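Secondary and tertiary structure notes
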Amino acid sequence: MSVELAALRTVDLADSGVSSLNGELHAAPAGRWEVSNPAGRHAIAVGLTVPHEVVIEGHVGYYCAGMNQEAAVSVRGNCGVGVAENMMSGTVRIEGDASQAAGASAHGGLIAIDGNAAARCGISLKGGDVVVRGSVGHATGFMAQSGRIVVCGDAGEALGDSIYEARIYVRGDIGGLGADCVAKELREEHRIELGELLEQAGLGDADPREFRRYGSARRLYNFDVDDAV
Amino acid sequence: MTAKNGTDRAGWRDGLRESATFDRPTIHEIRRAAREGVYDIRGGGAKRRVPNFDDLLFLGASVSRYPLEGYRERCDTDVVLGTRFAKKPLHIDIPVTIAGMSFGALSAPAKEALGRGATAMGTSTTTGDGGMTEEERSHSNTLVYQLLPSRYGMNPDDLRRADAIEVVVGQGAKPGGGGMLMGQKISERVAAMRDLPVGIDQRSACRHPDWTGPDDLEIKIEELREITDREKPIFVKVGASRPYYDVALAVKSGADVVVLDGMQGGTAASQEVFIEHVGIPTLAAIPPAVQALVELGMHRKVQLIVSGGIRSGADVAKALALGADAVSIGVAALIAIGDNDPTLEAEYEKIGSAAGFYDDWHEGRDPAGIFTQDEELAARLDPELGGRQLANYLRTLVQETQTLARACGKSRVQNLEPEDLVALTVEAAAMARVPLAGTEWIPGQERY
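Residues numbered from 1 in each chain as written. Chains lettered and ligands numbered in written order. Predicted model: local features only at pLDDT ≥ 70, side-chain atom pairs only at ≥ 80, totals over all residues. Heavy atoms only, no water.

Some words on the interface of chain B and chain A
Operational definition: Two residues form a contact once any of their heavy atoms are found within 4.5 Å. Buried area: the sum, over both parts, of the accessible surface (1.4 Å probe) that disappears when the two are put together. Just to be clear on terms, a salt bridge is a Lys or Arg side-chain nitrogen sitting within 4 Å of an Asp or Glu carboxyl oxygen. Whenever a nitrogen or oxygen atom comes within 3.5 Å of another N or O atom, the pair is scored as a polar contact, on the condition that within protein one atom can donate a hydrogen and the other can accept it, and that pairs from neighbouring residues in sequence are kept only if both atoms are in side chains. Labels follow the DSSP assignment, with helices taken as runs of H or I lasting at least four residues and strands as runs of E lasting at least two, numbered in each case from the N terminus. Note on residue classes: Ala, Val, Leu, Ile, Met, Phe, Trp, Tyr, Cys and Pro are nonpolar, Asp, Glu, Lys and Arg are charged, and everything else, Gly too, is polar.
With 37 residues of chain B in contact, the opposing surface of chain A contributes 37 residues. When chain B packs against chain A, the two sides together hide about 2,900 Å² of surface, and 56% of this comes from carbon and sulfur. Here chain B is connected to chain A by two salt bridges. Lys220(B) is the partner of Glu85(A) in a salt bridge, and the nearest nitrogen-oxygen pair spans 3.2 Å. Here chain B and chain A share 17 residue pairs in polar contact (both at pLDDT 80 or more) between them. Secondary-structure elements contributing two or more residues to the side of chain B that touches chain A are α4 (156-161) and α6 (213-227) of chain B. The greatest single-element share of the side of chain B that touches chain A, amounting to seven residues, is contributed by α6(B). Among the residues making up the side of chain B that touches chain A, the classes are represented as 17 nonpolar, five polar and 15 charged.

Structure (structure tokens):
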């Protein structure tokens, strides 16, 4: 369903504070927004609840687009820790690199990172999707419960440590698997969902057949004394 | 059988002497460990005796101080939480709140009973791991929403409909530890709220996924304020281990309220070794916390809520006298709504326990219908009756607190002060930083 958006509104963060911007975004009906001079400020465009289209021209600090619902947020730069943390729906695109914990505990929506993502990408994921064109750091997918993580480059150590039902797809090399994470067969249904995810993330030229799938061995789902020592 | 020395010890016979080191619980635990090969998990707080509020006494008024008259003279009990930064601080009628306890660990009727009782007395309840249920939101006029490391059920809509937000760093029963919810209690509803498969053991993380340390916490709190348009008070809850530093860092991070949970604080499920051997007693935690607030010029500006082993109005009054703005109760509230009820003795026996001792809360077989997700068991708990009992208990706590405050000449319970207290033991005197009774001696200090 398409939503009619209000006219473009331009906000220069060099003139107005982050609180002022967020307050406007919370109060206004869905619209198009251009935000300039973010200068690494934290908590830009957090807690949005309507399908705004927000473009941020530059680098952002921690928690950009945190807990997003419905909105499409684009960052034309790099982002700090916890971009789109606990996102519920909508899309967040990072044209640069993302720091640690990108998409942490996201419940829904799509986070597309054109550069690389640092450690703990998709940590505690709860249904959201994270697609990274580059590589990811260690402990990516740590305790990820559901949702999908796609890595077109390499993944660091302890990939998918203590993972639950989330699925991880990696095209490149991995530094090592975390506890209870194993390589799994890439079946046709996985190739189809991976193709759709890549397409949504603007990476339709990537071939799903080049990826490997990782997930839970489900050996830690119920306590066993032999796992404790 | 009754022993000659008057003690009642099953198995005692002439000439047999029990070891203080290898006493019967110790021997039982060694035998259990040898049989099962796994650490013991249970609910509740520390059972060992530690210096506590019973080791303090109020001095009461005399010639040098004058008291207030019984129930007739005014003695205010309300408290405002979140005055530092929040646009909408909480104004509660009594200085006793209900601590965070999860739906999952507790049944839905139990959460409802807590909400009903707290609301009747004009105070707040708190969610727990697993998110907010309609039962607790609709029955709690004032509800504090916890942001926990697991982020189970974390939802910005619930964040906005909460009255305050509590960032949980740790809890007194297990500072440094995460949570557990064993598979027996993962019903379809609990699983759906937490986005995990039915029946698996759930480990709640011990660290937040997207922040580490006080500098990050400051930014995290700022994000929460931005999401909620700076309306909600932000609490930071810490388990008592290094309260001087933790409270100072919570203040530095921008907390409106600090919740400090001592080692007697309960848990729904933790390792026994953790419960009994990590953290410090509530009594020992308050003075360093208050010292940090005073040194930062933030005492009474950032409110301090103390929890962990609060049982009576005397405990409430003593915590306030040491500098807390309010206290929080968990285990005591659950007892008030029906936990460990002696009328269920036969049923506790069937599951290998006894009324007054039952602590296998993680197993989901609670005959009182509190620590369970079994619909049949949960239906045994009448939330209206439980709510009335909790309100009665809270009312009693407040009456007792006022009684002691008036005896010390205070027209507001928070006006109680360390000068009103003495200690019965050297240990309690040192920890509470009040003089040993009958002396001016505070161990570690010259005088107060």
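There is more to say after this.
Re the sheet that holds strand β8 (residues 146-151) of chain A
All names here are of chain A. What counts, and what does not: Strand pairing is defined by DSSP finding a minimum of two bridges between the two strands. All axes here are fitted lines through C-alpha atoms, helices being fitted over the stretch that makes contact, and every angle between N-to-C directions spans 0 to 180 degrees.
The 11 strands are arranged β1-β2-β3-β4-β5-β6-β7-β8-β9-β11-β10 in an open sheet whose pairing can be described as mixed. What marks the edges here is a single partner per strand, and that holds for β1 (6-12) and β10 (181-184). When strand polarity is set aside, the average angle formed by the axes of neighbouring strands in this sheet is 15°. Note that strand β5 (residues 91-94) and strand β6 (residues 110-113) share four bridges and pair parallel. For Thr91, the partnering residue across the bridge sits in β6 and is Leu110. Where helix α1 (residues 18-27) meets the sheet, it contacts β1, β2 (31-36) and β3 (53-57), and its direction lies at approximately 175° from that of β2.

Let's talk about the nonpolar core
Note the cut-off: In these notes, a set of buried Ala, Val, Leu, Ile, Met, Phe, Trp, Tyr and Cys residues joined through side-chain atoms within 4.5 Å is what counts as a nonpolar core. The cut-offs for exposure are 20% and 50% of the maximum accessible area for each residue type, with area from a 1.4 Å probe on protein chains only; residues under the lower value are buried, those over the upper are exposed, and the others partly exposed.
One finds Leu56(B) and Ile329(B) to be the most contacted residues of the largest nonpolar core, which totals 101 residues. Within the second largest apolar cluster, 46 residues are counted, among which are Ile94(A), Ala117(A), Cys121(A) and Leu125(A).

Thoughts on the pattern of salt bridges
Residues and elements named next belong to chain B. Under the defined criterion, the tally for this structure stands at 52 salt bridges over all chains. Here Lys252 makes a salt bridge to Asp215, at a shortest N to O gap of 2.7 Å. Highlighted residues: Lys252 in helix α7 (residues 243-252) and Asp215 in helix α6, separated in sequence by 37 residues. Taking the relative accessible area as the measure of exposure, Lys252 reaches 37% and is therefore partly exposed. Across the salt bridge formed by Glu218 and Lys252, the nearest N and O atoms sit 2.9 Å from each other. Remark: Lys252 occurs in helix α7 and Glu218 occurs in helix α6; sequence separation between them is 34 residues.

Some details on the environment of Thr125(B)
All names here are of chain B. With respect to the secondary-structure elements, Thr125 resides in strand β6 (residues 124-126). The class for Thr125 is buried, based on a relative accessible area of 4%. Along the primary structure Thr125 and Ile98 are separated by 27 residues, whereas in three dimensions their C-alpha atoms are 4.6 Å apart. Non-local contacts of Thr125, meaning those with residues more than four positions away in its chain, are made with Ile98, Leu114, Gly115, Ala118, Ser140, Thr142, Leu143 and Val144. Here the side chain of Thr125 touches Ser140 through a polar contact of 2.8 Å, side chain to side chain.

Things to note about the environment of Phe371(B)
All names here are of chain B. Position of Phe371 relative to the elements: it lies in the loop between α12 (345-350) and α13 (375-378). Among the residues examined, Phe371 registers a relative accessible area of 1% and is labelled buried. Not counting chain neighbours up to four residues away, the residues in contact with Phe371 comprise Ala105, Leu106, Lys185, Leu334, Asp339, Trp361, Gly364, Arg365 and Asp366.

Quick word on the side chain of Asp180(A)
Looking at the secondary structure, you find Asp180(A) in the loop between β9 (167-170) and β10. Note on Asp180(A): relative accessible area 7%, which makes it buried.

Overview of the packing of α7(B) against helix α9 (residues 282-295) of chain B
Helix-helix packing: each pair is described by the crossing angle between the helix axes and the interaxial distance. Residues and elements named next belong to chain B. Heads up, the condition is: Between 65 and 115 degrees an angle is taken as roughly perpendicular, under 35 as roughly parallel, over 145 as roughly antiparallel, and anywhere else as oblique. The crossing is said to be left-handed when, going from far helix to near helix, the turn is anticlockwise and less than a right angle, and right-handed when the turn is clockwise.
Closest axis-to-axis distance for the α7/α9 pair is 8 Å, and the angle between their directions is 40°. As summarised for this structure, α7 and α9 are arranged oblique, according to the angle between their axes. At the point where α7 passes α9, the crossing takes the right-handed sense. When α7 is examined against α9, the residues Pro243, Tyr244, Val247, Ala248 and Val251 are found in contact with a partner set consisting of Ala285, Pro288, Ala289, Gln291, Ala292, Leu293 and Glu295.

Digging into unusual backbone geometry
All names here are of chain A. Although it is not a glycine, Ala43 adopts a positive phi angle of roughly 55°. Considering the arrangement of structural elements, one finds Ala43 in the loop between β2 and β3. At Asp180, a residue that is not glycine, the phi angle is positive and equals roughly 70°.

Focus: α6(B)
For clarity, the cut-off: A helix is expected to span 1.5 Å multiplied by its residue count minus one.
For α6(B), built from 15 residues, the straight-helix expectation of 21 Å at 1.5 Å per residue is met to within 8% by its first-to-last C-alpha distance of 21 Å. Turning to α6(B), its buried residues number three or more, namely Asp216(B), Leu217(B), Ile219(B), Lys220(B), Ile221(B), Glu223(B), Leu224(B), Arg225(B), Glu226(B) and Ile227(B). Where α6(B) is buried, its residues contact α1 of chain A together with β7 (142-147), α4, β8 (164-168) and β11 (234-239) of chain B. Where α6(B) terminates, the next one or two residues include Asp229(B), which has phi positive at roughly 55°.

Overview of the environment of Ile149(A)
Residue and element names in this part refer to chain A. Here Ile149 lies in strand β8. Classification of Ile149 as buried rests on a relative accessible area of 0%. In sequence terms Ile149 and Gly128 are 21 residues apart; their C-alpha atoms lie 8.5 Å from each other. Once you skip the residues sitting within four places of it in the chain, Ile149 turns out to touch Cys121, Gly122, Leu125, Val130, Thr140, Gly141, Arg167, Ile168 and Tyr169.

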